[in-house]
Each structure stands twice: as structure tokens, then as C-alpha cells.
Amino acid sequence: MSEKVKNIGLSSAEAELRLKKYGPNISAQSSPKSLLSIIIGVLGEPMFLMLLSAGGIYLLLGDLAEALFLLVFVFVVIGITLIQAHKTERALESLRDLSAPRALVIRDGKEIRIAGQKVVPGDLLVLHEGDRIAADGRLVEGQIFVDESLLTGESIPLGKTADTDGESKTSKIFASTVITKGCATAIAELTGNDTAVGQIGKSLLTTYDTASGLQISSRIIVKNLVMIAFATVFVLVLVNWLLNQHSFLQSILSGITLAMAILPEEITVILTVFLALGAWRISKINVLTRDIAAVEALGTITVLAADKTGTLTQNSMQVAELSVDDASFISSSQKKLEEKFHSLVEFAMLATPANPFDPMEKAIHSFGRELLSGTEHIHDNSIPDFEYELCAEILAMTRVLSTSDPSLYMLATKGAPEAVADLCHLPKDELEDIEQRVEAMAQRGLRVLGVARGEWRKKDQDQNWPKSQHDFDFTFLGLIGFIDPLREEVPKAVKTCQDAGIKVLMLTGDHPMTAGAIAAQAGLSKDSGIILGDEIETLDDDTLKERLKETAICARMRPEHKLRLVQVLQDSGEIVAMTGDGVNDAPALKASNVGIAMGQRGTDVARESASLVLLDDSFASITDAVAQGRRIYDNITKATRFAFAVHLPIIMLTLLPALLQWPILLMPAHIVLLQLLIDPACSIVFESEPAAADIMKRPPRRIGESPFSIKNVKHALMQGGGIAFILMAGDALLQQMQWNDAAIRMSIFISFVLTLFFLILANRTLTYTVKSYAREHNPWMIFMFGGVALILASIIFIPALREIMRFSPIEASILLAALFLFLSNGAWLFLLHFSNSLGLKNTKGD
């Protein structure tokens, strides 16, 4: 690889050419449903089979017009199903594109993050701990450890070192393996199916076929209703054939009509479409849904445990203050760095990797290069001979660097001030002075690091490095304070969560005073105290539960503490959403009810363990996603209530005339026309309902709450039962008035179709006022009204359709009867609506 490519990577133009030549970086994977598979699925649907059966029976009975009408509507049903399936697949495909692995590459000399499928051979990959490698290739700079168990079955990470010649096997890296430690630069050599994982047909892209709890429960309900439907149909066929003396074919036809009336095929459509489109809508507010079930869980969250850095704050660290003994340097007001601060900045830089990933480490280099430029304190080519990593026992890291004396080594250390001070073995009065300075800086909202220097001499060449940093002697140099400004939208978002009954728990590795200062800015109370990570380890579960009830801040947190927090909160009955970005956060993200990974600064491992990914890392996006989750659940509840309410009168208008030996009111053709209105109402109108004004003023939904609850179904059955009673009473009255069957059927059908519009309005919410209807505008209501008007106009004014529907020619008396029944249904729905609103107000008053 040429030095030019090594420095700047490929050009954008060259990358585009290579993408066309080699194709997208995608290995074998499951493809979306094809048009043929969707059609085959429709052909197996009970409603489709019943339409075919009814059409066949009409042919046997010699009614060609009705048979053709039903068979034409077979294709209409297929068309509607295809549109719904395409809409759902398109939403899921958008999510697949967003959730596909992403890669950090150097192009045109700049680091940019692109979709993994756009990586091409020759791309320069920038690799960090926790990343999933996007292509087969080789390291050209740096050192990493890689988990290749996907390919080899070996769980122990393998070390990889740079090799510019490409001969060493230890420089080879493979797509889809995970970096467990280190950072490096690599050149991509093979992509797509040419990679090792592509050759064995492995696909690591997330699938979206996991059923949510609601989908599972709905399938059980639908299955039970289908069994009830066929049992009822069997009884009706026998009654019509044996008792009512109808022909066998006529009895079968009435049974098919009843089955079409009972089967609630909309329920599965509602959940599939609403959850898939809901996930797509949530992606529009920068929250990627990796697990569809998470959309359902959003409305139940009671505790939101969020990282401070990057989620509540901007994650744009800047050096704000330096402290050496009694002297301070304030970067916002001072431009020249005095000599007494030079060593502090110099050793902070030496203790920091040359190409860091951490924002604080980037800030150290940026600050040092700006203010120490041209001095002897800049060491661009310093490569450590040995490093002591940050660990749970010592919250500091030390880099050991060689000097001109082969036996003498220079030590550069940075970390938590108390940890660095402890390494320096300072007397008590100096420790107290440092502690006071740290607290003063922390109270100003600064995140503080301590810096120290040291020397160590090897007694002989074979002497091993000391096991611990405590074995060295250090000199404390001073403190560096960093500022990470709070995101502007955070206080409002925190208040929104609190109003919605969601407790916000701030997690940070910062000093308690820094955590308290940021929490106060965010609107979180620190009066109840702060829990430290070390306390979490020592407290038993019961005591920790009590502490968590009182506090909203956890400081000096380490990733392993998050899992304990999740488990304790869940044992307390809380529904927990947890944010994370590192490899060590994966267990907590998986264990939480809703794991939320950072999309910008998070590792691939964290993203793959989470159910949601914040594409902008913003806390406000979580709040918006919760609101969307609640809206989606509300709309599922509305649509489910409407589906149950509308099916009851259809069942009654089909079943009761047969049992009472009255003229038939509903035939297959009528039910097909009704389905043309019911299906769009369920899957489009209610899905598009805007969020209620109080969506984030209510407490979280209880975990056991369901759209299929007795309360919701009971209200639906009261709506549908009242409509059925009014229409059957109208049928009886018109029979008493000696109306012919066709006229009665026409007036009942017209009034029922008009009532559907009232029924939709009544189920948009149970407490709407005229004012709220105007405010919560749903544009699809206009199209629904147009559909109702079109169908009614067609069956009233087109003679051929009137004949197929077995209606009489239009007369004013028929329209007046239909209008009277329609208004009666409206009055019943309004009465229910009013009494329910009054009941809710009384409940709130209590």
C-alpha cells in the first residue's frame, strides 16, 4: 500500500468505482418476502378460502353475478394484503439497512462512519475495542486482540499485530469477528461472499421475526375465536338444514357467511402492521429498533438508567482548568500556558495513546498540541515499552517509556485523582489538599483527572516489570478538569420523563461532586444522596433497593455495576431501560427490559446486545421513543376495540335472522364490502392516530395490561351490542310495517356502513371532546369518509351492484329509515362515550 493511501485512504470516487466492481459488502442472508410468497400466504388465509367457497356455491346455485362479484373481490383482498405486506416489508427493510454493521473508514484523508455494506477492497479501516470487523484484511498499524470464535470455535481472543508486507498470519483479520482490546488500522482485502464468513454462508444481520408478547397473546385469542367460529358455524348449518328446511348448499352458504363475520383476521394485521411501522416511525426520531418487541415494552418503562457522558451531555470534552499546587489555569480566560503547568500537560499526553478513542484523551492531545506547540514537551514518536491498564482495583493507567539511558524508564500516569494520589504515597495533609481541590473543581461541574510522573530503573535485562502500579514511586503533578456541557434539550426531557412517571437514574464514572453538579443542571435531585459504585458492591439487595428508591445518581460506576442495578431494580418490580456503549455493558443491556446502545460512540458488541440503538446518542431521543411507544400501544388498543366492536353486530346480523327464521340480512357480498372498510380502518386510520395530549402525563402502563383486557373488550362489546340491538330492532319494526326483504336489507346495511364512521370516531379515544377532535387531526379520516361515501353511492345508484347485494330500488323511505337507525346508533355511542368520560373524571376526582 502506498504511503499516500496509508495516510488518506481511498478517494470517494475510487470507492464508488470499487463498490460497482465488487458489489455491496453483504454475505449470504435471508431475503425479504417475495411477491409470490406473499400471494401464497394470502391463498392460505381462511377468509380467502371462504370467499372461494362462497363463490363456488353461488356458481352451483346458478347465481353467476354473485359468484363473479365474490371472485373479483378475491383479487381485491389479495391487492389489499399485498399493499399491507409491502408497507410492512418496506418498514422492516429500512430497519435492516439501518441496523446493518457500520464501519469507520478513512476516505479522502478523513475518518467517516459508513454502512458496512459500502466497505470495498482497499478501504482503510479504523478499528477500536468492541467493533465488529467489516471485511477480511490485514493490519497496517497498531495491535488488537480479536475474538474469532465465530470461525474457529476458540473462545480465547487472538493477538493481531501490524504487518506492512502482508506476510505474517498474525496480521490477518476476518469479517464479523469482534475486537476485544486495542485499536489499529487495517486495509480491507475481501468483502461480501469472498470473506471467510461469507464462504460458509454466515449471516449476522438482525432479523425482525421475533414475536412480541402482544403478538403471541393475539395468536392465542384468534386461534380460540376460530375454534368458536367453526363450532358455531357447524351448529348453524345443522339448524338451517334440518330445522329450517333450507337446502344443504344454502345452509353451507349461511355457515360460510357466519364464519366470515366471526373471524377477526384484523387482530393479527393490527399487531404486525402497527409494531413494524411503529419501529420505522421511531427510526425517524433517531432511535433504531433492533427487536420489534421493544416497541411494545417502551410504554411500560418505569426506570430509565442513563449514562451521563454523551447521553445527558454533549460528549465533546474540552480541557477547562489546570491545577498545580495553589495555581490554576482557566482555559476560557487564559491563552498562554505558564511554565509551571508544562510538566502536567506533558505527562498527561505521555499517559495517553497517540490515536485515542476516548473524548477526554482526545481533549488532552488537542489542548497540549495547541498550547505546547514548538516546545520540547511534545513527544510525537513516544511508544510505550509497557502499559498498565485501568482496572477495578486501581482507577489509573500507567505507560512506561524508555529514555536515553537503557536501564532507566519514565512513567506517565493519569486517572481518578484519589487513585493517582494513592499511587504517589502522599502524606495525609497533601491528600486532604488534593481532595479539597478536586471537590472544588467537581462542584463547578468539571470531570477531574490526576496526573503523576515517575522513574524506574531495571537492575538487569531479565528483570520483569512490576506486577502492580503500586510498586513504583510517583510524583503528583496536578489536576486536569474537563467540561462536557449538558445537552440543551436534557432538562426538558428529564422533566417530561418525571411527569410521565418514569424515574431517571443517572450513571457516571465521575467524581460524586461532578455527578451532583451535572445532575442539578439536568433537573435531577441530589438531596437524597449519591450511590457510589463501591457501595453497590457492598450493599445487600434489600438495602440497595431502598437506597435506589431515594436517589437518582450513581457515581464512580463501572460497567459490571450496571448488571447488578438492573437485576435489583427488576426484583423491585421495576421495568428498566438501560443505556450502554462498551463491551462490558453487554450483559446489562441484554438483562434489561429495554437495552439502549449508543449509535455514535457505542461498540458493535453493545449495539448487538441492545434492543434499541440511539443514532444520535441523545437522551431526548429516548424520551421521544417512549412517547412513540405509548402512542403505538394506544393505537393498538383503539384498533383492537374497534375490531371487536364492529364484529359483534356483523355476527348478530348474520346469526340471529337464521335462528329466528327471519329473512337473511347479511350475505358474503355484504361482508366483503364491510371488510373493505374495516381493514383500512384498523391498519391505516388507527395506525396514523396522533399521540394524545396527555401521552407523557400518565404513569407507565402496567406490565400485564393488554388491549385484550376484559375492560377494553367489555367496552367494545357494549358498543357493538348496542348497535346490533338497534339494527335488529329496526329489522323487526320494518317487518311489522310489511316492508319487503330487499328494502329492509338495504336500509339496515346503509345505516350500518354509516355507523362505522361513528364507531371509528368513538374509538379514537374514550374521552374526546369536540375541541380535542379538532386538535388531534387524523388526515386518513377524510379518506375513510370518502371510502364510505363511494361504497354507499355505488350500491345505491348502480343497478347491477344493487342486484348483487339483493337491494331494492332506491326510495326516500329507505334512506329515511337508514338515517333514523344511523342516528340511533350515534346516540347510543355518544351515551357510552359520555358516561365513560364522566366515569373517568369521577375516578380522577376520587
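Residues numbered from 1 in each chain as written. Predicted model: local features only at pLDDT ≥ 70, side-chain atom pairs only at ≥ 80, totals over all residues. Heavy atoms only, no water.

### Quick word on the sheet that holds strand E18 (residues 531–532)
- Ordered by their spatial adjacency, 8 strands build an open sheet running E8-E22-E21-E20-E9-E17-E19-E18, and the pairing between neighbours is mixed. Whereas interior strands pair on both sides, the edge strands pair on one side only; in this sheet they are strand E8 (287–289) and E18.
- Looking at chain direction, strand E21 (residues 594–598) and strand E22 (residues 612–614) are connected through 3 bridges and run parallel. By the bridge assignment for E22, isoleucine 596 is matched with leucine 612. (Pairing = 2+ DSSP bridges. Helix = DSSP H or I, 4+ residues; strand = E, 2+ residues; numbered from the N terminus.)

### So, empty space enclosed by the protein
- Summed over the entire model, instances satisfying the criterion amount to 4 cavities of 30 Å³ or more.
- Put simply, the largest cavity is a space of about 110 Å³.
- In terms of lining residues, the largest cavity is bounded by 14 residues, among which Met349, His365, His379, Asp380 and Ser382 are the most central.
- Contributing elements (two or more residues each) for the lining of the largest cavity: helix H13 (342–350) and helix H14 (359–371).
- For the lining of the largest cavity, the element with the highest residue contribution is H13, accounting for 3 residues. (1 Å grid on protein atoms, 1.4 Å probe; cavity = no way out; pocket = protein on both sides within 12 Å on 5 of 7 lines; lining within 4 Å. Points joined across faces, edges and corners; volume = space filled by probe spheres on them.)

### Describing the environment of leucine 727
- Among the structural elements, leucine 727 can be located in helix H26 (residues 710–736).
- Sequence spacing of leucine 727 and isoleucine 748 is 21 residues, and the spatial spacing of their C-alpha atoms is 6.4 Å.

### What to know about the pairing of strand E9 (residues 303–307)
- With 5 of its 5 residues buried, E9 lies for the most part within the structure.
- Where burial is concerned, the two faces of E9 agree: the one with Val303, Ala305 and Asp307 and the one with Leu304 and Ala306 are both buried.
- With 3 bridges connecting them, E9 and strand E20 (residues 576–580) associate as parallel partners. Following the sheet pairing, alanine 305 is matched in E20 by methionine 578. (Buried < 20%, exposed > 50% of the residue type's maximum accessible area, 1.4 Å probe, protein only.)

### With respect to the packing of helix H24 (residues 619–660) against helix H25 (residues 668–685)
- The contact between H24 and H25 brings their axes to 10 Å, and the two run at 170°. Relative to H25, the element H24 lies roughly antiparallel. Here Ala639, Phe642, Ala643, Val646, His647, Ile650 and Thr654 of H24 come into contact with H25, specifically with Ile671, Leu674, Gln675, Ile678, Ala681 and Cys682.
- Of the residues in the contact of H24 with H25, the class split is 10 nonpolar, 3 polar and no charged. (Axes fitted to C-alpha atoms, helices over the stretch in contact; angles between N-to-C directions. Parallel < 35°, antiparallel > 145°, perpendicular 65-115°, else oblique. Contact = heavy atoms within 4.5 Å. Nonpolar A, V, L, I, M, F, W, Y, C, P; charged D, E, K, R; others polar.)

### Regarding the side chain of serine 706
- Tracing the backbone shows serine 706 in the loop between H25 and H26.
- For serine 706, the side chain forms a polar contact with the main-chain nitrogen of phenylalanine 708, separated by 3.0 Å.
- Apart from residues no more than four positions distant in its own chain, serine 706 is found in contact with Leu214 and Tyr633. (Polar contact = N/O pair within 3.5 Å; in protein donor to acceptor, adjacent residues only side chain to side chain.)

What is shown is where atoms sit, not what they do.
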